[in-house]
Every structure is written in C-alpha cells, then in structure tokens.
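# Reading the structure
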Amino acid sequence: MDRIRRTLLTFVLGAALMGAAAANAEAATPLPLTLESGHSVVIEAPQLVRLAVGDARIASVVAVGDLQVVVSAKTPGRTSVIVWTRTTRTAYEVTVSEQSLDRITGMIRASLTEPDVTLVNFDHSIVVRGSVEDSAHFATLKEVLTRFEKLETAQKYSVVNAVTVRHPLGDLAANLTRAMGPNDIQFDPDAKGNVIVSGHVPDRVRAQWVLEQARGLAGSYLAGDGKVIDRLSVATVSQIDVKVRIYEVDKTALDQIGLRLQSGTPDASGNIVLGAPSFPILEQAQNIGRALNIGAFFRTTRLAPTLDLLVTNGNAKLLSEPELVAMPGTEATFLVGGEIPVPISTGLGAVSVIFKEYGVRLKFTPTILGNGSVETKIDPEVSDLDFADGVSLNGFVIPALKTSKLSTDVVTASGESIMMGGMLRRIEQRNVTKIPLLSSLPFIGGLFKSTRYLHNETDVIFVMTPRIVVR
C-alpha cells in the first residue's frame, strides 16, 4: 500500500513540474500581437485569474468574466500584456500602429507576388522580410517598393527591405558549367554588384578564356558599374617575350620597298610576280583587315632579308634590337637616345634644371587572350633635337624637340610579327665653304664662298614579335 502511495505521489509531482516547465516556456516566449490604433481584439482565457499591462497609454486590457480578455489599442507603440489563468501564464508583445500605416502595408502586400515575403509594422516603419529565388526576383521586388517613396514622404514612414536572395546568381553557374564543361570554377557575387570568379586553371590562356565566358554570361547579374573580378589561381606563370628590331631606313629606299610589296600579285602557281623576277610564296594571308600583321612568310623570308640587305648597302641601319619579357597587362618601356638639360625658373631668380628624354622610345602593354592570341597596345615615339627652333638663354641654346608619335592596338598570334612605320625623321643641314679673308671682302666676298644645303629624310621602322612563354 505504501508503495502505491509513493508511486502516485511521484506521478503528481512530475506532472506538476512538467506543467510548471510548460508554463515557464510559454512565459519565456511572448506571443506577437499587432493592432491598429482604435481597434480591439479578444483573447480567450478560460479560468482567468489576473491581468497586467506594461504601458496603459499604448493599450488597455479588460476582463470579460473569467473566460475572455479584451485588448484595446490606443496610441502607436509597443508594450506587454500578461494573462494569468489557474494553470498557465501567457505573455503577449503588443505592437500598436497607426491606421494609415496599416493601409499602406496592405497596399504593399497586395502589390507583391512573392510567396515567401511578409510585411510587419514597427512604430513608423514597415519591415519587408523573407526570401526570393534570385537576383531578378529581388530587382522586381525592389522596384515595387520604390513606387511607395512618395507615400513615405507624405505619411512619414519608412520601408525597410530585409529580404534575402537564395540563389544570387540564378542559373549562371549552370550555364557556365555547360559552356566550359566540368571544372572547379566558382562564381560568387559581392555587395557591390560584382561577380567574383575563383578556382584553379592550368595556365593564363585558360584563365582568360574562363573570364571571357563569364563576362559574356554574367551581364544581367552585374550592377550598373559591376565587373567580373579575377580570383583564379594559375598552375604555371605565363609571360610574354617581345623581340623588337628598330631600323632607320632611307626614305627613298623605303619607298622602293613599299612599291615592291604592294605591286606584287600571286599567279596561278602561287608565285609573287613583280614584273621581271618572281619568288615562291610560302604562306598567304588569310585574315582580311589585319594589315599590320606580317605573318611567318613576310617575317622570315621576305621582310627581314630585305631590311638586312638595305643595312648591308648602307641605306638603313639597325638602331637597336632589344628583347623584353613582360607580365600580361604590365607596361614595358624601351628608350634609345639620351637626355638634355632644360633650365626652368623656380621664382625669385632661382633656376633649376630638369632633364628631357629624346630619341627612339617604345612603350607597349601585352595581354593574353582566351584563344591564345596576344593583344598588344603599342606607343612608339621618335624625337630629335631641333636647334633651329631652340631658345637662347644666357648665351646657351636650348634645343626644341621634333617628335613623331604613333599609338595602336594589335591582335596577333603568338610568334607573329608586327611592323610599324611612318615615323619620319627630317634633318636639314647647311654647309658653308669659304676662302679666308677674301670671303670677307665687301661686294665681291660672295664670289669666294659657297653654301650647300643637305636634306635627309629617314623613316624609323619597328618590327615586334610577341610570343607567349610558359614557365
């Protein structure tokens, strides 16, 4: 009999503890209750014992017998209401909003079609929360919310967009995977509207191909000023080896070369006919419009031997033959010439000297393309000292500079040459020969001296051969 009493007592105490735990759990999590000012709501509370309200200026509570509680909203704000019954204690978090805010909330809710987006009023703010599928749906939702900006100004409320995007890039990754095949490349958006491309590729050519594909497919997922950011790791280092040959050719000889290159026509057997002699053509140009591309035939069989022959005959000279190695996208600079001092005034009679460079300068920036070609931005410059147009200062002549510049952007295959000309250099000289004393006699002195004018015109030709080097 005692054992049965102890078992019953244990059961009753356990039930009481479970009930207390449930009551504490219910009390620990207040239930949200949103009301519009001037409205009321009825809460079912069987066996009601006691009521409490945190701020009676925001909401009031009235017991209806011991079964129900009426909560009436007064002014906008937030407060707590606690309801005790014989077995439970329930807490409510009451939010009272203005009537106009509720109507606007209803208008916004009716304008949105996203099933996972909800709206909640807090004081003078409307919080839009939930999630959408991709960036396109988010842009549509954002556009709808911007249409209520005029109402925000008139009603003095704000809309807080707290919606998240489940798949920010939509099907971009799937499209890129179909275009590139299986790979470990990842595409992630950032907060500024850019798309970050990361992963591992074997070389820079493959990396450029991946970036080109990403730029073509990621357009709709980029912000107005967004771009594709390269975060790819490359197994090998790709550099560009550029061999440059700089010639100075007599203008008359150069005109003859130009006529011979332009007037040659291939016959049925593939020979170039120049009027009398002919020579076999090893490779014909296939890409129309690439006038600056010489190709393997002109580089190794036609052009280089011709220029070397002009150098041997004294009609041309090789100014320099540098070979530069540059990283893709990095500018390389080469100068054959010197510097001249130029005095400048720094105020209060003080004079300082700066040095100006002159001669033959070449700046180029090579870039590797996704198809293995090389895009090169080239800026050659030729400058000479001009004493005739110089400035005299304190008995010294500061020469002017005659400058010729060229800027171009050329795409070539790796190992294919580029030729650039038209950088003319004109040199005019006056040599006076005279007999001492007799040439100084008045009236008849001109009979004992002679003046000879020399005009020399040359053209500077650049021959560049960029080649991709993998290390």
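For the structure, see preceding data.
The text that follows walks through the structure, step by step, so that each part is easy to find. (Residues numbered from 1 in each chain as written. Predicted model: local features only at pLDDT ≥ 70, side-chain atom pairs only at ≥ 80, totals over all residues. Heavy atoms only, no water.)

Looking only at helices and strands, the protein features eight helices and 26 strands. Out of the 471 residues in the protein, the part that is buried amounts to 33%. Excluding contacts between residues fewer than 6 apart, the proportion of contacts in the protein whose partners are at least 24 apart in sequence is 62%. Accessible area for the protein stands at about 28,200 Å²; split by element, carbon and sulfur atoms hold 56% of it. (Helix = DSSP H or I, 4+ residues; strand = E, 2+ residues; numbered from the N terminus. Buried < 20%, exposed > 50% of the residue type's maximum accessible area, 1.4 Å probe, protein only. Contact = heavy atoms within 4.5 Å. Areas by Shrake-Rupley, 256 points an atom, 1.4 Å probe, with all protein chains shown as cover.)

Attention shifts here to the layout of surface pockets. Put simply, the second largest pocket is a space of about 330 Å³. Lining of the second largest pocket is provided by 17 residues; of these, Ser 135, Phe 138, Pro 168, Gly 193 and Tyr 221 occupy positions nearest its centre. No other element matches the four residues that helix 3 (residues 135–146) contributes to the lining of the second largest pocket. Looking at the lining of the second largest pocket, its residues break down into 10 nonpolar, four polar and three charged. (1 Å grid on protein atoms, 1.4 Å probe; cavity = no way out; pocket = protein on both sides within 12 Å on 5 of 7 lines; lining within 4 Å. Points joined across faces, edges and corners; volume = space filled by probe spheres on them. Nonpolar A, V, L, I, M, F, W, Y, C, P; charged D, E, K, R; others polar.)

Reading across from one edge, 1-7-6-3 is the order of the four strands in this open sheet, with mixed pairing throughout. In this open sheet, the two strands that pair with only one neighbour each are strand 1 (31–36) and strand 3 (48–53). On average, adjacent strands in this sheet sit at an angle of 25 degrees to one another, irrespective of strand direction. Across five bridges, strand 3 lies against strand 6 (residues 77–85) in antiparallel orientation. Within the sheet, the bridge partner assigned to Leu 48 lies in strand 6 and is Thr 85. (Pairing = 2+ DSSP bridges. Axes fitted to C-alpha atoms, helices over the stretch in contact; angles between N-to-C directions.)

Taken as a whole, this structure holds two cavities of 30 Å³ or more when the rule is applied. Approximately 40 Å³ is the volume found for the second largest cavity. Lining the second largest cavity are Leu 335, Glu 357, Tyr 358, Gly 359, Val 360, Arg 361, Glu 381 and Ser 383. For the lining of the second largest cavity, the elements supplying multiple residues, two or more each, are strand 21 (350–368) and strand 22 (374–393).

Now for the side chain of Thr 465. If you trace the backbone, Thr 465 turns up in strand 26 (residues 449–470). Residue Thr 465 is classed as buried on the basis of its relative accessible area of 18%.

With that settled, the discussion passes to the sheet that holds strand 10 (residues 158–167). Across the sheet, three strands lie side by side as 8-9-10; this open sheet has mixed pairing. What marks the edges here is a single partner per strand, and that holds for strand 8 (117–122) and strand 10. Pairs of neighbouring strands in the sheet enclose a mean axial angle of 15 degrees, with direction left out of account. Pairing geometry for strand 8 and strand 9 (residues 125–134), over six bridges, is antiparallel. Its bridge partner being in strand 9, Thr 118 is matched across the sheet by Arg 129.

In the structure shown here, the tally under the stated rule is 10 salt bridges. Ionic pairing is found between Arg 204 and Asp 230, a salt bridge with its closest N-O pair at 3.1 Å. Taken together, the residues Arg 204 in helix 6 (residues 204–217) and Asp 230 in strand 13 (residues 228–234) connect sequence positions 26 residues apart. Residue class for Arg 204 comes out buried when judged on its relative accessible area of 17%. A salt bridge links Arg 245 to Glu 321; the shortest N-O distance between them is 3.5 Å. Placement of Arg 245 in strand 14 (residues 238–250) and of Glu 321 in the loop between strand 18 (316–320) and strand 19 (323–326) is noted, with a sequence separation of 76 residues between them. Glu 321 sits in the exposed class, given a relative accessible area of 51%. In the salt-bridge network here, residues are joined through shared partners; they are Asp 116, Glu 133 and Arg 166. (Salt bridge = Lys/Arg side-chain N within 4 Å of Asp/Glu carboxyl O.)

So, about helix 3. For helix 3, which comprises 12 residues, the first-to-last C-alpha distance of 16 Å matches the rise-based estimate of 16 Å (1.5 Å per residue) to within 8%. Along helix 3, the positions that sit buried rather than exposed are Leu 141, Val 144 and Leu 145. An end-on view of helix 3 places all buried positions within 100 degrees of arc, on one side of the element. (Expected span 1.5 Å × (residues − 1). Arc of directions from axis to C-beta.)

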